[in-house]
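Each chain is listed here by its residues.
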Amino acid sequence: MSISDTTDPAEASDAPGPYGGSGPAPEAGDARLQVAGLTGGRGSTVAFRELDLDVHGGQVLALLGPNGAGKTTLLLTLSGLLPAHEGTVVVEGHRLRNGNPTAASKAGVVLVPDDRCLFTTLSVEENLEVARSRGGPTARSMLDSFPALEKRWKLTAGALSGGEQQMLAMARALIQEPKVLLVDEMSMGLAPLVVEALFATVRSIAADHGVAIVLVEQHVSLALGVADAAAVINRGSIVLDGPAADLRSRPDHLEQAYFGTSPTAAPA
């Protein structure tokens, strides 16, 4: 897997093929998101180092690991909100400008942060309208993926339940027609039934819209259930990766990865 820092907008060659997993098996070189040798953090503090990641369109990569492992900082770096210390990030063959959220957004990288960042005084409809681009999907078309929002259409985002707010945050991301969707701790503080429904929607977004999704999540079993591939980050490094089904079948390896022992990579 790979992530990369980017100093100048330039084109990059495609990286080799994807992880295995339950989703489609794209051809080598088709990776939507390619990260190579990525090191980053906040200021001079390094949160992750020399990470490599490839995610293909229509695939879900689950990023797992204990709190403080560097997962959220990695997503902020991929979205351009934090500059990388070194390495490259490539979307559809184009290397992104380092630390530039506008360039990342134009390339189709969309972040759903863990705090959702909704406009709480605007209605559901208005939150979607401010995110859509001219000629893009309509606000009401988002109800195909999030039908529960229809009954809340004119309510302010601040009046929604936590689950409804998360649906709105996901719908606001989807209306931007992302090529790469970064989702941070989607299940935080939500009821189990809501969480299960949201995970099913993530799988549908990848399959129906061909989006490459990077999912940071603490609900390990649910995340592995919808992901094609998974990687465990601990102390800033990938200590275990492979097809999600393989990691799910090896809970002992997952436990070792979480608690600091690096087992060998899961077999393909």
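The preceding data block contains the structure.
Everything numeric here is computed off the predicted structure, so don't read it as measured data.

Here's the deal with the packing of helix α4 (residues 162–174) against helix α5 (residues 192–209)
- Look at α4 against α5: their axes get within 11 Å of each other, and the N-to-C directions meet at 10°. One way to sum up the angle between α4 and α5 is to call them roughly parallel. Across from Gly163, Gln166, Met167, Met170 and Leu174 in α4, the residues of α5 making contact are Val194, Leu198, Val202, Ile205 and His209.
- In the contact of α4 with α5, the residues fall into seven nonpolar, three polar and no charged.

Remarks on the side chain of Asn234
- Of note, Asn234 is situated in strand β10 (residues 229–234).
- In this structure Asn234 touches Pro66, Ala69, Val239, Ala257, Tyr258, Phe259 and Gly260, once residues within four positions along its chain are discounted.

Some details on the nonpolar core
- Counting residues in hydrophobic clusters, the biggest one holds 51 residues, and the most contacted among them are Leu128, Met170, Leu181 and Ile213.
- With seven residues, α4 is the single largest residue contributor to this core.
- Beyond its immediate sequence surroundings of up to four residues, Leu181 is in contact with Val110, Val112, Met170, Ala173, Ile205, Val211, Ala212, Ile213 and Val214.

Conventions and cut-offs
Residues numbered from 1 in each chain as written. Predicted model: local features only at pLDDT ≥ 70, side-chain atom pairs only at ≥ 80, totals over all residues. Heavy atoms only, no water. Axes fitted to C-alpha atoms, helices over the stretch in contact; angles between N-to-C directions. Helix = DSSP H or I, 4+ residues; strand = E, 2+ residues; numbered from the N terminus. Parallel < 35°, antiparallel > 145°, perpendicular 65-115°, else oblique. Contact = heavy atoms within 4.5 Å. Nonpolar A, V, L, I, M, F, W, Y, C, P; charged D, E, K, R; others polar. Core = buried A, V, L, I, M, F, W, Y, C linked by side-chain atoms within 4.5 Å. Buried < 20%, exposed > 50% of the residue type's maximum accessible area, 1.4 Å probe, protein only.

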